[in-house]
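Chain by chain, the residues run as shown.
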Amino acid sequence: MADRPIDDWFMREVLPLEPMLTRFLQRNWRNEAEISDLRQEAYARVYEAAQRERPQLVKPFLFQITRNLMIDRLRRQSVVNLESMVDFDWLNVSDDKPSSEAYVAARQELRLLQAALDKLPPRCRQVVLLRKVEGLSQKEVAKHMGITIETVENQVAKGMRLLAQAMGSRRNAVTTEARRYNFFRKPRNVR
Amino acid sequence: MSADEAEKIAADWLAREDRGLTAEESDRMELWLDQSSLNRVAYLRLKSAWQRADRLAALKSPLAAKRETSPPRWHLKLAVAAALTLLAGGGAWLAWRPSEPSGQNYATRVGRLQAVRLADGTQVELNTNTRLHADVTDARRTVMLDSGEAYFDVVHDARRPFTVYAGNRRITDIGTKFSVFRNGDDVRVTVREGRVRVELLDQLGKPVVADAGHVVMTKGGETLVIEKSGSDIADDLSWRGGVLVFNQQTLAEAAEQFNRYNERQILVEGPARRIRIGGSFKADNVDVFVLLLHRGFGLSVNEQGGTIVVSR
């Protein structure tokens, strides 16, 4: 199980940045299908780097790594040359005022979860509802719904993926902060 | 392995973990996690989402909970409490008799918001300092707003109209989103979507019907309906996000709004009461509000024992 301190750190410090990161990738990466791959690889790099030494500032670190990853991929694809990145939104620097909206966002957590729950397919939704809202065990859910425990397990797996996706791509106040991490504001830093 | 494949396997492991792992499974999972950081981050990401979903327990249906735990004697107590509430609410309440005592009380303290989901799926958001009683059964859906303000996103059900009692008014939804504010017999209904019917309890059957964009204001037996733009309605409901929006309100009115959300009260004195202001503020951030008044209008701000006095 994930009992390592580094895992706790990762869940506490890095994963909450996901909506911001997703939005950043959506703005700056044309191929939508590759975004979850990019995100996961960025996570893996952050995780590995943090095993050696934890970064002081997590947000800039995550976005720096993501940016480097994007450059690597672009080079490998050699479809797009570096100049063409001028088109990308990441050059449009805007220094948003620090938002106090993360606070509101925290209070919206339940609402977000509920919205995510509502979007699940009916059977999956019922399983998640019984498991998380009513607090039944998987076995009890199976009994209550008259389905096999394997089906419950499959629906739980499906449900958590859909929830993670919905929570990670939410469009709300926090995402405006992504614009503050436009690392291409100094293009000469690009090697 | 693509992100998608790793995520799928991670989800399968977590689902098994959620059910309970055998020692052998646990070992195999550890092996898989150690294989690659990609596996591990996929696992942690889903684990985090699944843990966050624990908060959904806050939505647990109060009726279901009651069914499990209430011995019959408890019903009697509730019946007595309900009867007392009815008496306290005035004679008109006597017309409304619960056939079976049930339901749940909800309340928020000053400065707090709370979202609850009723057994029928209707979403209720309580504003600051609000008390209400919700009763949802197979036969009816009733909310009694004792004080404060609440926003309703009603799941339509033609068989069971959704009814809110506030002061001497009855508000019946016709499938909609609306909010009700009550201070004694002052009742204000703001309709965001759909249509509601507002009736005086001793003149049932002579309803005022309000559509989206309408605000119904009542005092005693009088009723005023005004029409507002969508953005004005959104401003009126901005409290749902913990924000107050002002658009050419007087300082006295703005202070009154802040005072609903904070124990520390703002008192505006003299001609400063008539200054008109606009802007949006976090409802619980009195300090920034008065600071801006000081800076913007050169008003003096003095705090004395929980009261912030603002004057020229």
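Whatever comes next refers back to the structure up there.
What counts as what
Residues numbered from 1 in each chain as written. Chains lettered and ligands numbered in written order. Predicted model: local features only at pLDDT ≥ 70, side-chain atom pairs only at ≥ 80, totals over all residues. Heavy atoms only, no water. Helix = DSSP H or I, 4+ residues; strand = E, 2+ residues; numbered from the N terminus. Buried < 20%, exposed > 50% of the residue type's maximum accessible area, 1.4 Å probe, protein only. Contact = heavy atoms within 4.5 Å. Areas by Shrake-Rupley, 256 points an atom, 1.4 Å probe, with all protein chains shown as cover. Core = buried A, V, L, I, M, F, W, Y, C linked by side-chain atoms within 4.5 Å. Buried area = accessible area lost by both parts, 1.4 Å probe. Salt bridge = Lys/Arg side-chain N within 4 Å of Asp/Glu carboxyl O. Polar contact = N/O pair within 3.5 Å; in protein donor to acceptor, adjacent residues only side chain to side chain. Pairing = 2+ DSSP bridges. Axes fitted to C-alpha atoms, helices over the stretch in contact; angles between N-to-C directions. Phe/Tyr/Trp six-rings, centres within 6.5 Å; stacked < 30°, edge-to-face > 60°. Parallel < 35°, antiparallel > 145°, perpendicular 65-115°, else oblique. Left-handed = near helix turned anticlockwise from the far one by under 90°. Patch = residues over 30% accessible without salt bridge, like charges linked within 9 Å, V, L, I, M, F, W, Y side chains within 5 Å.

Student: For this particular structure, what's the right way to read the overall build of chain B?
Tutor: When its secondary structure is counted, chain B shows eight helices and 18 strands. For chain B, with 312 residues in total, the buried portion stands at 47%. Taking contacts inside chain B between residues at least 6 apart in sequence as the whole, the part at least 24 apart equals 46%. In the form shown here, chain B has an accessible surface area of approximately 15100 Å², with 50% of it arising from carbon and sulfur atoms.

Student: I'm lost on the nonpolar core in this one. Help?
Tutor: In summary, soluble globular proteins display a tendency toward joint burial of nonpolar side chains. Ranked by internal contacts, the top residues of the largest apolar core, which has 67 residues, are Trp9(A), Phe10(A), Val14(A), Tyr43(A) and Tyr43(B). Ranked by the residues each element gives to this core, the list is headed by helix 3 (residues 35-52) of chain A, at eight residues. If we skip the residues at most four places from it in the chain, Tyr43(A) touches Phe10(A), Val14(A), Leu15(A), Glu18(A), Leu21(A), Leu62(A), Val41(B) and Arg45(B).

Student: Would you mind showing me how to read the interface of chain B and chain A here?
Tutor: With 54 residues of chain B at the contact, the number on the chain A side is 47 residues. Note on chain B versus chain A: buried area summed over both sides is about 4600 Å², and carbon and sulfur give 57% of it. Between the two partners, chain B and chain A, sit 10 salt bridges. Put simply, Asp34(B) and Arg4(A) hold a salt bridge, and the shortest N to O gap is 3.0 Å. Inspection of the region where chain B meets chain A yields 16 residue pairs in polar contact (both at pLDDT 80 or more).

Student: Help me understand the pairing of strand 10 (residues 195-200) of chain B, please; the structure alone is not making it clear to me.
Tutor: It is a general feature of regular strands that their side chains alternate between the two faces of the sheet. All names here are of chain B. Across five bridges, the pairing between strand 7 (residues 169-173) and strand 10 is antiparallel. Bridging from a neighbouring strand, Thr172 pairs with Arg197 of strand 10. Here four bridges tie strand 10 to strand 11 (residues 208-211), and the two strands are oriented antiparallel to one another. Bridge pairing in strand 11 links Arg197 to Val209.

Student: Is there a simple way to think about the sheet that holds strand 15 (residues 265-268) of chain B in this case?
Tutor: The strands making up a sheet associate through hydrogen bonds between their backbones, and the pairing can be parallel or antiparallel. All names here are of chain B. Strand order in the open sheet formed by three strands is 15-18-17, and the pairing between neighbours is mixed. Two strands in the sheet have a free side with no partner beyond their single neighbour: strand 15 and strand 17 (300-304). Across the sheet, the mean angle from the axis of one strand to that of its neighbour is 25°, orientation sign disregarded. In this fold helix 8 (residues 286-297) packs onto strand 15, strand 17 and strand 18 (307-311), with an angle of close to 20° to the strand it touches most, strand 18.

Student: Just checking my understanding: could you explain the side chain of Arg182(B) for this structure?
Tutor: Residue and element names in this part refer to chain B. You can see Arg182 is positioned in strand 8 (residues 177-183). Of the polar contacts made by the side chain of Arg182, one reaches the backbone oxygen of Asp146; its length is 3.1 Å. If we ignore the near neighbours within four places in the chain, the residues touching Arg182 are Leu145, Asp146, Ser147, Gly148, Ala166, Gly167 and Val187.

Student: Where do I start with the packing of aromatic side chains in this structure?
Tutor: To describe a pair of aromatic rings, one takes the distance between the centres and the angle between the planes. Per the stated rule, a full pass over the model turns up 11 aromatic pairs over all chains. Between Phe10(A) and Tyr43(A), the aromatic rings sit 5.5 Å apart at their centres with planes inclined by 85°, giving edge-to-face as the arrangement. You can see Phe10(A) sitting in helix 1 (residues 5-14) and its partner Tyr43(A) sitting in helix 3, a full 33 residues away along the chain. Its relative accessible area of 0% is what places Phe10(A) among the buried residues. Classification of Tyr43(A) as buried rests on a relative accessible area of 1%. Through pairs of rings, three or more aromatic residues link up here, namely Phe246(B), Phe258(B), Phe281(B) and Phe289(B).

Student: Whenever I open this one, the packing of helix 9 (residues 149-168) of chain A against helix 1 (residues 3-19) of chain B confuses me. Can you help?
Tutor: Running from N to C, helix 9 of chain A and helix 1 of chain B point in directions that differ by 130°, and their axes come no closer than 8 Å. Compared by their axis directions, helix 9 of chain A and helix 1 of chain B come out oblique. The two elements helix 9 of chain A and helix 1 of chain B meet at a crossing, and its hand is right-handed. Seen from helix 9 of chain A, the contacting residues are Ile149(A), Glu153(A), Val156(A), Ala157(A), Met160(A) and Arg161(A); seen from helix 1 of chain B, they are Asp4(B), Glu7(B), Lys8(B), Ala11(B), Asp12(B), Leu14(B), Ala15(B), Arg16(B), Asp18(B) and Arg19(B).

Student: Even after reading the chapter, I still don't get a nonpolar patch on the surface, so can you show me in this structure?
Tutor: All names here are of chain B. A surface patch of nonpolar side chains, amounting to about 230 Å² of accessible area, comprises Met217, Leu224 and Ile226. Looking at the element boundaries, Met217 is found in strand 12 (residues 214-219). Overall, the relative accessible area of 36% leaves Met217 in the partly exposed class.

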